[in-house]
Amino acid sequence: MLDLSKMLRSSFAKPVLFILCLVPISALVWRAFYGDLGANPIETITRDVGDWTLRFLLITIAISPLRQWFGWTVILRFRRMLGLYVFFYAFCHFLIWFVADHSFDFSEMLEDIIKRPYITFGFSAFLLLVPLAVTSNQSMVRRLGKRWKQLHRLTYAIVMLGVLHYLWQVKADYLEPGIYAVIAGLLLLQRVDFKKWFDARTSVQSSKPA
Amino acid sequence: MIKIKKLSDIPSSEITPESVYHQRRAFMKTSSMLGTALLLSPWAGVSASVMIGDYQKNVITLDEELTPEEDATSYNNFYEFGTGKTDPARNAKDFTTDDWMITVGGACEKPGEYSLEDLIKPFAIEERIYRLRCVEAWSMVIPWLGVPLASIIKSLQPTSNAKYVAFTTLHDSQRMPGQKRSVLRWPYREGLRIDEAMNPLTLLAVGMYGKTMPNQNGAPVRLVTPWKYGFKSIKSIVSIDFVEEQPQTTWNMEGPREYGFYSNVNPTVDHPRWSQKKERRIGDIFKRPTLMFNGYEEEVAHLYDGMDLRTNY
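Residues numbered from 1 in each chain as written. Chains lettered and ligands numbered in written order. Predicted model: local features only at pLDDT ≥ 70, side-chain atom pairs only at ≥ 80, totals over all residues.

**Quick word on the sheet that holds strand 7 (residues 164–169) of chain B**
All names here are of chain B. Note the following rule: Being paired, for any two strands, means DSSP has found at least two bridges between them. Strands are runs of DSSP state E lasting at least 2 residues, helices are runs of H or I lasting at least 4, and numbering of each runs from the N terminus. Every angle, taken between N-to-C directions, lies between 0 and 180 degrees, and every axis is a line fitted to C-alpha atoms, over only the stretch in contact when it is a helix.
Spatially, five strands are ordered 4-3-12-7-8 in an open sheet, and the strand pairing comes out mixed. The open sheet has two edge strands with one neighbour each: strand 4 (112–115) and strand 8 (189–193). Averaged over all adjacent pairs, the angle separating strand axes in this sheet is 20 degrees, with direction ignored. In the sheet, strand 7 pairs with strand 8 via five bridges, with the strands oriented antiparallel. What sits directly across from A166, in strand 8, is G191.

If you want it as structure tokens, here you go:
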């Protein structure tokens, strides 16, 4: 029988995951090569890369709950790589939009960022990813200490911005972005310490004079 | 720019009933060639489009490259068959349009139930190459086949109360599976002011690329208003009503701030969520500037004289 935890612990696990994460973009390159991107290739690429950015983001924030629920402590070591892939896909998504939609026109791009809420959300999410990517290496983790953890809580804001970025551009069919929103919502709610919050409230109430 | 053949360029034989006779002969030939006795006309009983035998070629042309037929028939917004661009081509495969009927009602002298064939028959089918600009900022160039809507409207004799024309798409979730989900309030509705409907550019299209209308493009009959965003060009029409008040239109009901009744292509008035300044012509990588009224300013701008196009978007 396959021993999952043994496989995850193996020294091959990381290189295998590294290659797996490149599958979505390789598939696009392959399809582009064979002219299989449909009538509007730029749209196909932008959407697909955007979808994968959001998927990798959700996978990244699922690591911690998965560890808690199933005791898979071993998967924690994949989180940094997954997070960096979020940045990689977000960067590709941004680059295609900047090049194909705005033909490198910086001022026009800025106008779009300011005027269109869905682009404002998307671009902010991308900007917030930059400091996280920059501080992802071991020496930065050490140098920043406690503040590293605080900084990387930005991930939660990025998730919300990413989901809004998708929801806000839909014309009528909210099913697909809705699925992402629900998953993101559950993963974020999981992090709220309701017990602590509840205890704090009850203790405030009980301390009131009778 | 657009070249419109002068009426005098068209041989009289093409506009006399005789041409209609030939046209019908051509359908019959096509039908028998296909060995499908059921095909009494090119738009009857077809799930795959067939050649239309006889039409006036290039009545309106355009010095722009045609969008490849494969792209125009595989990248569609037709929510009745799914909300994804490639859904309609897949989900409309088995859609049958046999004995298609159109109900004509409201302020006109000739209300009633018409077969599509009877409605179209008196007129010669014209080929017109038009730009199609979607509100989502992509565009195509399509050779449509159809009859000027004005000819059909005249034959129905609207009364002076006919200020607008309202159109409805088929509402039948058995045949249009996309209607099983309420992504829009079915049936799809559209409308034009009577002078817009009578504008010579407005076409009631029954085909494209020399063939009957493919299911995914709005078989068997759809509207084409090239100076308006694509969603105004309602597909699979089952009713035409002449009305006094501005009719409700689907996308306007869905988002009144985003989609107006007029929905003329206008690069200076942005959709609240995205810019309309530029568009991506299908097949291109980079975007090109969008033209006022999609390049049909000369033909239609007068319809909106004195109107504020920022409020009447």
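**Quick notes on the pairing of strand 4 of chain B**
Residue and element names in this part refer to chain B. As paired elements, strand 3 (residues 101–106) and strand 4 share four bridges and run antiparallel to each other. Residue pairing in the sheet places V104 in a bridge with G112 of strand 4. Hairpin connection between strand 3 and strand 4: a loop of five residues separates the two successive antiparallel strands.

**What about the interface of chain A and chain B?**
Cut-off, in case you're wondering: We call two residues in contact if the C-beta atoms placed from their backbones are at most 7 Å apart. Gly is put with the polar residues, along with every residue not named as nonpolar or charged; the nonpolar set is Ala, Val, Leu, Ile, Met, Phe, Trp, Tyr, Cys and Pro, and the charged set is Asp, Glu, Lys and Arg.
Counting from both sides, the interface comprises 14 residues of chain A and, opposite them, 18 residues of chain B. The residue makeup of the side of chain A that touches chain B, split by class, is six nonpolar, four polar and four charged.

**Examining the packing of helix 7 (residues 117–134) of chain A against helix 10 (residues 154–167) of chain A**
Residues and elements named next belong to chain A. Note the threshold: In this scheme, roughly parallel covers angles under 35 degrees and roughly antiparallel covers those over 145, while 65 to 115 is roughly perpendicular and the rest are oblique. Put simply, a crossing is left-handed when the front helix is turned counterclockwise from the back one by less than a right angle, and right-handed when it is turned clockwise.
Relative orientation of the contacting elements helix 7 and helix 10 amounts to 155 degrees, with a least axis distance of 8 Å. Between helix 7 and helix 10, the angle falls in the class roughly antiparallel. Of the two possible hands of crossing, helix 7 and helix 10 adopt the one that is left-handed. From helix 7, Y118, F121, G122, S124, A125, L128, L129 and L132 reach across to helix 10, where they touch L154, T155, A157, I158, L161, G162, L164 and H165. Residue composition of the contact of helix 7 with helix 10, grouped by class: 11 nonpolar, five polar and no charged.

**Some words on helix 10 of chain A**
We count it as follows: Helix span is expected to be 1.5 Å times the residue number reduced by one.
Helix length check: helix 10 of chain A (14 residues) gives 20 Å between terminal C-alpha atoms against 20 Å at 1.5 Å per residue, within 8%. On its buried side, helix 10 of chain A packs onto helix 4 (41–70), helix 7 and helix 11 (175–189) of chain A.

By themselves these figures say nothing about function.
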